[in-house]
Amino acid sequence: MEKKVAIRNLSFEQLKAEMLAAGEPAFRAKQVYEWIWKKAARSFDAMGNVPKTTREWLSEKFSLQIVTTAEAQYSSDRTIKSSFQLHDNNLVEGVLIPTRERVTACVSSQVGCSLTCSFCATGYMDRKRNLESFEIYDQVVLIRDQAQEKYGQALTNIVYMGMGEPLLNYANVLKSIEQITSPEGLGMSPRRITVSTAGIAKMIQKLGDDQVKFNLALSLHAANDTKRNQIMPINESNTLQVLKAALLYFFEKTGNEITLEYIVFNKFNDTLEDARELYEFAKGIPCKINLIEYNPIAQSSFVNAEADAIAKFSAFLESKRMIVNIRRSRGRDIDAACGQLAGKKAPVDA
């Protein structure tokens, strides 16, 4: 039996060519494309204004390879953590994070991760594969629908901060953002999207060269090379000096906001000396700093810094006129840390 084509990997022009070759009128391709992207159809049968014979032909020739929700966990703080099952039974995670100001979807870009950050549950998994652009898109749609159904709220922001390193799935991540921001897709503003990287300098520079319109976040977590090497081996080949140059290049090319993310670990990177090092790194970069409370994981001995230490850390940075936000831990009563939920479950047999 001939293998079905993943229809969502086709451009509109490719889809139109396929449908014209099958004797369908050109406008039918536009209808199908709209069902796929704007209406996020979950099946060909859902395409109500497409004739039954066309839907049957589509089902025989193409697959939608939709992502489904395998499990959802609901936190008392309204965070929803979901494990999503892919067409090949692999699992990834996404999180709905509602606050008073915004409703954010946190999505994954890879199954597992090849970077071995010692504080991250995903870092203890093997990287199995990159996600297709439409698999990232589906996570956004599923989380958007959760926000509407559970809280009656619209999705306002997207962060690529789930499982995987987005810049190691560069083409599909950028394609997914194009689909999410397109008027033919979800029509979201790229200014509402942030891609977070552990720090791959040449790919940060490529983002600049491609003049992307979304925001960039660097998962920093230590502002001297010795400490950062300990927790993030990627730093050995992408030192802080090299990363800073890449961030400045990115800003020069795009003018887009840069966020420095810094998890404050107890007795590791929470002193005023650590804060001074962070200031020295951030100085000269047009950025804001997010100090993040840590969600502990079983594989690591790291715990969150004391509230007093975080307050002093923040006050020091603010005294240097840095823009600082403290991001409180969300979903402590569920498997909220990245990789925890998907890591608990083996893929379901087909």
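Residues numbered from 1 in each chain as written. Predicted model: local features only at pLDDT ≥ 70, side-chain atom pairs only at ≥ 80, totals over all residues. Heavy atoms only, no water.

Under an unreviewed UniProt entry, the protein has the name Probable dual-specificity RNA methyltransferase RlmN and belongs to Aquirufa originis. Here the protein is described in UniProt, under the heading Sequence similarities (unreviewed entry), as follows: "Belongs to the radical SAM superfamily. RlmN family." (UniProt positions renumbered as here; feature names shortened; annotations may be inferred.)

A.B. asks: Hey, could you run me through the pattern of salt bridges in this one?
C.D. replies: When the charged atoms of two side chains lie near each other, side chains of opposite charge can form a pair. Across all of its chains, the model carries 16 salt bridges by this definition. Asp 45 serves as the salt-bridge partner of Arg 55, at 3.8 Å between the closest nitrogen and oxygen. Highlighted residues: Arg 55 in helix α3 (residues 52–61) and Asp 45 in the loop between α2 (26–37) and α3, separated in sequence by 10 residues. We classify Arg 55 as buried; its relative accessible area is 16%. For Asp 45, a relative accessible area of 58% corresponds to the exposed category. When the shortest N-O distance is used, the salt bridge between Glu 135 and Arg 129 registers 2.9 Å. A relative accessible area of 0% places Glu 135 in the buried class. Overlapping salt bridges bring together Asp 88, Arg 129 and Glu 135 as one network. (Salt bridge = Lys/Arg side-chain N within 4 Å of Asp/Glu carboxyl O. Helix = DSSP H or I, 4+ residues; strand = E, 2+ residues; numbered from the N terminus. Buried < 20%, exposed > 50% of the residue type's maximum accessible area, 1.4 Å probe, protein only.)

A.B. asks: Looking at this structure, how should I read the UniProt feature "active site" (unreviewed entry) in the protein?
C.D. replies: When the UniProt feature table is mapped onto this chain numbering, "active site" (unreviewed entry) sits at Glu 93 and Cys 338. With respect to the helices, strands and loops of the structure, Glu 93 is situated in strand β5 (residues 91–98).

A.B. asks: Can you walk me through the packing of aromatic side chains in this structure?
C.D. replies: To describe a pair of aromatic rings, one takes the distance between the centres and the angle between the planes. Inspection of the entire model under this criterion finds 10 aromatic pairs. Measuring from centroid to centroid gives 5.4 Å for Phe 268 and Phe 302, while their planes differ by 70°, and the two rings are edge-to-face. Taken together, the residues Phe 268 in the loop between β12 (258–263) and α9 (272–282) and Phe 302 in the loop between β13 (287–292) and α10 (307–319) connect sequence positions 34 residues apart. Like Phe 302, Phe 268 is buried. Within the aromatic cluster, the residues linked to one another by ring pairs are Phe 119, Phe 265, Phe 268, Tyr 294 and Phe 302. (Phe/Tyr/Trp six-rings, centres within 6.5 Å; stacked < 30°, edge-to-face > 60°.)

A.B. asks: Quick question: what am I supposed to make of the nonpolar core here?
C.D. replies: In a soluble, globular protein the nonpolar side chains are often hidden away together inside. Counting residues in hydrophobic clusters, the biggest one holds 102 residues, and the most contacted among them are Ile 7 and Tyr 160. At eight residues, helix α4 (residues 133–151) tops the list of elements feeding residues into this core. (Core = buried A, V, L, I, M, F, W, Y, C linked by side-chain atoms within 4.5 Å.)

A.B. asks: What exactly am I supposed to notice about the UniProt feature "binding site: S-adenosyl-L-methionine" (unreviewed entry) in the protein here?
C.D. replies: Those places that UniProt annotates as "binding site: S-adenosyl-L-methionine" (unreviewed entry) correspond, in this numbering, to Gly 164, Glu 165, Ser 196, Ser 219, Leu 220, His 221 and Asn 295. Following the sequence through the fold, Gly 164 ends up in the loop between β9 (157–160) and α5 (170–181). In this view, Gly 164 contacts Ser 109, Gln 110, Gly 112, Cys 113 and Thr 122; residues no more than four positions away in its chain are not counted. Following the sequence through the fold, Ser 196 ends up in strand β10 (residues 193–197). (Contact = heavy atoms within 4.5 Å.)

A.B. asks: When you look at the pairing of β5 in this model, what are you seeing that I'm missing?
C.D. replies: Along β5, seven of the eight residues are buried, which leaves the element largely enclosed by surrounding structure. Inspection of the sheet shows strand β4 (residues 80–85) paired to β5 by six bridges, in the antiparallel sense. Bridge pairing in β5 links Lys 81 to Val 95. Once β4 ends, the chain turns through five residues before running back antiparallel as β5, passing Asn 89 with a positive phi of about 75°. As judged from the four bridges shared by β5 and strand β6 (residues 103–106), these two strands associate in the antiparallel manner. Within the sheet, the bridge partner assigned to Pro 98 lies in β6 and is Val 103. With antiparallel pairing between neighbouring strands as the criterion, β5 and β6 make up a hairpin whose turn holds four residues. (Pairing = 2+ DSSP bridges.)

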